[in-house]
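Report on the structure
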Amino acid sequence: MAYIGRPGFLTGNVTPLANNSVSLGKPQRRWKELYIDANSLHLGNVSVSIGKTDEVEFMKTNKLGQPVTKATIANLVGDATITQAKLSSLSVGGAKMRANALSSGTIYTANLTGNAYVTRGLAVGYTDGRVPQANLDVKNNVYIGGATTLTGAVTTGSTLTLGSALAVGSGGTGATSLTDGGVLLGSGTSAVTAMSALGDGEMIVGDGTTDPVAESGATLRTSIGVGTGDSPQFTAVNIGAASDTTVARASAGDINVEGNIIYRAGGTDVPVSDGGTGASSLTDGGVLLGSGTGAITAMSALGDSEMIVGDGSTDPVAESGDTLRTSIGIGSAASGTVTQIYSANTTGNVKFARGIAVGYAGSKVPGANLDVKGNAYIGANVYVANTQNFNSTNYSGLPYDIAFTAGFDADMVKEDVAAATYGELVMARPATVVGEAGYVDTAPTGAALIVDIEKNGTSIYATRPQFAASATSLSAGTLGATAVFVSGDRISFKIDQIGSSEPGEGVRFTLKCKV
């Protein structure tokens with residue numbers, strides 16, 4: 001059939017005699033409209049059909065025309081207008097694609113080499129499960145003139161440029177510039193604002209109503225409740241280290257350091273183990289007794305003549321009278337007197353109101369002596385039972401002083417001394433010189449005042465004693481080998497040298513000896 005000039009009807013298939021040998025219409029004689037049901041229109045190995053939801057579906061087919069996989073729209077070289085399509089991926093290179101009626105249609109697939117203009121909405125991705133993993137892949141720039149909704153991740157190769165600041169309501173900041181280092185503050189749907197960069201030691205503090213502000217120093221401490229007028233509460237405070245010096249509350253009014261109580265006035269008594277007494281009150285005048293780590297106890301104040309006596313095991317007790325004397329082994333319960341004193345080494349005074357016996361006492365102290373290194377004052381008679389030991393041999397080394405004066409007139413009024421002999425005597429017993437003492441009423445000036453003691457015309461000094469210039473006290477001399485006297489020795493006291501300006505007045509000199 002070559003030509004049909006009027007309307008007609010076909011009841012069977014129209015099939016060409018040979019494959020790819022005839023055309024339907026011509027460029028100058030086109031069919032006005034082509035009505036095809038939802039079944040596929042086959043173009044080469046691609047079938048075009050209407051899907052279940054009225055979308056145009058492109059599928060690759062086999063030799064029998066059966067769909068195998070989804071197909072891709074052919075590359076467009078010039079301008080192209082797609083009114084309704086869905087895209088699984090869109091590549092834009094050098095062609096133009098205008099979509100003027102995409103309110104209900106969807107583009108599935110398009111590989112473009114030019115620019116593509118979409119004046120309405122563009123949906124990329126799953127659409128009723130038909131286009132899995134669909135992407136919008138743009139190798140150059142994308143310009144979007146209106147609102148854009150992105151439901152998934154957006155990846156850009158370089159820069160995403162928006163015509164204006166992305167509003168907070170669309171997930172942006174609403175701002176085109178933010179202060180470097182400034183903390184950002186929200187403001188509902190209005191643009192985000194940035195605080196000034198925080199200064200050294202500043203912190204951000206809020207008041208619960210208005211925007212927070214930056215504070216530091218005393219203002220900050222007051223705001224956060226640790227100012228000078230605040231009383232903050234802490235469970236514990238670590239000082240100088242993170243864990244080994246923890247100060248915490250032990251109980252009302254008490255604190256501890258690492259669990260050890262800090263003692264205070266009016267608080268817990270300081271135990272003996274911490275250097276305290278363990279007691280809060282002690283008897284006035286009472287002697288204190290230890291008790292290991294237990295609290296110290298105080299005895300009652302001692303009564304008149306009471307002493308503290310121990311027994312070697314229990315706490316000591318206060319005793320007096322016969323009980324005391326019996327306890328210390330020097331008393332008699334009947335008489336109340338001291339029967340015997342066997343031995344005593346004392347460094348103070350010892351007073352006896354009655355008699356004292358030294359020597360044998362019941363054959364207990366043979367050869368006992370009374371040795372007094374100081375003075376012995378005896379107010380009554382002294383009885384010596386063994387007189388053969390009461391002689392000079394047993395009383396050697398007794399002090400024997402010899403005194404001289406110079407520079408006094410007959411009425412003992414001081415006057416200038418002269419270099420002369422002022423005293424002479426003869427020794428009546430042996431004696432040993434051990435030193436000297438002296439004083440001058442008016443000190444010599446200009447030179448020292450030198451004195452000397454001669455025995456039988458020879459000085460007993462290797463270095464003579466003297467009163468130094470302007471000195472009233474005597475500087476001791478150095479005794480020689482002749483400072484030992486026997487009975488009959490002649491002793492002379494001499495002034496050998498006087499002061500050159502003031503000779504000196506009123507000299508007193510004492511020679512210290514032992515006999």
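Rules used in this analysis
Residues numbered from 1 in each chain as written. Predicted model: local features only at pLDDT ≥ 70, side-chain atom pairs only at ≥ 80, totals over all residues. Heavy atoms only, no water. Helix = DSSP H or I, 4+ residues; strand = E, 2+ residues; numbered from the N terminus. Buried < 20%, exposed > 50% of the residue type's maximum accessible area, 1.4 Å probe, protein only. Contact = heavy atoms within 4.5 Å. Areas by Shrake-Rupley, 256 points an atom, 1.4 Å probe, with all protein chains shown as cover. pLDDT = per-residue confidence, 0-100. Pairing = 2+ DSSP bridges. Polar contact = N/O pair within 3.5 Å; in protein donor to acceptor, adjacent residues only side chain to side chain. Phe/Tyr/Trp six-rings, centres within 6.5 Å; stacked < 30°, edge-to-face > 60°. Salt bridge = Lys/Arg side-chain N within 4 Å of Asp/Glu carboxyl O.

Further remarks concern the overall build of the protein chain. Regarding its fold elements, the protein chain presents two helices and 33 strands. Looking at the 515 residues of the protein chain, the share that counts as buried comes to 20%. Restricting to contacts in the protein chain with at least 6 residues of sequence separation, those with at least 24 account for 40%. Of the accessible surface of the protein chain, which amounts to about 36500 Å², a share of 51% is contributed by carbon and sulfur atoms.

Turning to the confidence of the model for the protein chain, a few remarks are in order. With 66% of its residues at a pLDDT of at least 70, the protein chain reaches an overall mean of 78. Within the model, pLDDT remains below 50 along residues 74-78, and this stretch shows eight contacts once partners closer than five positions in the same chain are excluded. Low pLDDT, under 50, characterises residues 83-110; the stretch is placed with 109 contacts to residues that sit more than four places away or in other chains.

On to the sheet that holds strand S17 (residues 254-257). One open sheet accounts for four strands, arranged S15-S16-S17-S18; its pairing is antiparallel. Each edge of the sheet is formed by a strand with only one pairing partner; in this case those strands are strand S15 (236-238) and strand S18 (260-261). Across three bridges, the pairing between S15 and strand S16 (residues 246-251) is antiparallel. Across the sheet, residue Asn238 finds its bridge partner in S16, namely Thr246.

A separate point is the side chain of Ser492. Structurally, Ser492 can be placed in strand S32 (residues 490-497). Side-chain polar atoms of Ser492 contact the side chain of Glu424, separated by 2.6 Å.

What follows concerns the sheet that holds strand S25 (residues 431-442). On the basis of which strands lie adjacent, the open sheet formed by four strands has the order S23-S33-S25-S31 and antiparallel pairing. Here the strands that pair on one side only, and so sit at the sheet edges, are strand S23 (399-406) and strand S31 (484-485). Note: S23 against strand S33 (residues 505-514), eight bridges, orientation antiparallel. Looking across to S33, one finds that Phe404 is bridged to Phe509.

Of note, Gly206 is situated in the loop between strand S13 (203-205) and strand S14 (213-215). What makes Gly206 exposed here is its relative accessible area of 54%.

For the coordinates displayed, the defined rule picks out two aromatic pairs. Each ring, one from Phe404 and one from Phe493, has its centre 5.1 Å from the other, and the planes form 15°; the classification is stacked. Of this pair, Phe404 sits in strand S23 while Phe493 is found in strand S32, placing the two residues 89 residues apart along the sequence. Among the residues examined, Phe404 registers a relative accessible area of 7% and is labelled buried. Centroid distance Phe493 to Phe509: 5.2 Å. Interplanar angle 20°. Geometry classified as stacked. One end of the pair, Phe493, is in strand S32; the other, Phe509, is in strand S33, with 16 residues separating them in the sequence. Relative accessible area serves as the criterion here: at 0%, Phe493 is assigned to the buried category. Judged by relative accessible area, Phe509 falls into the buried class, the value being 1%.

Summarising burial for strand S2 (residues 46-50): four of the five residues are buried, a large majority. With three bridges joining them, strand S1 (residues 41-43) and S2 adopt antiparallel strand pairing. Paired with His42 across the two strands is Ser47, which belongs to S2. In this antiparallel pair of consecutive strands, S1 and S2, the connection spans two residues, and Gly44 shows a positive phi of 65°.

With that settled, consider the pattern of salt bridges. A complete count under the given rule lists five salt bridges for this structure. Between Asp254 and Arg264 there is a salt bridge, and its shortest N-O distance comes to 2.8 Å. Note that Asp254 is positioned in strand S17 and Arg264 in the loop between S18 and strand S19 (288-289), a separation of 10 residues in sequence. Under the relative-accessibility criterion, Arg264 is labelled partly exposed at 37%. For Asp441, the salt bridge identified is with Arg508, shortest N-O distance 2.6 Å. Taken as a pair, Asp441 in strand S25 and Arg508 in strand S33 lie far apart in primary sequence, 67 residues in all.

In the structure, Arg264 is positioned 11 residues away from Gly253 in sequence and 9.2 Å away in space, judged by C-alpha atoms. Engagement of the side chain of Arg264 in a polar contact is seen with the backbone oxygen of Gly253, the distance being 2.7 Å.

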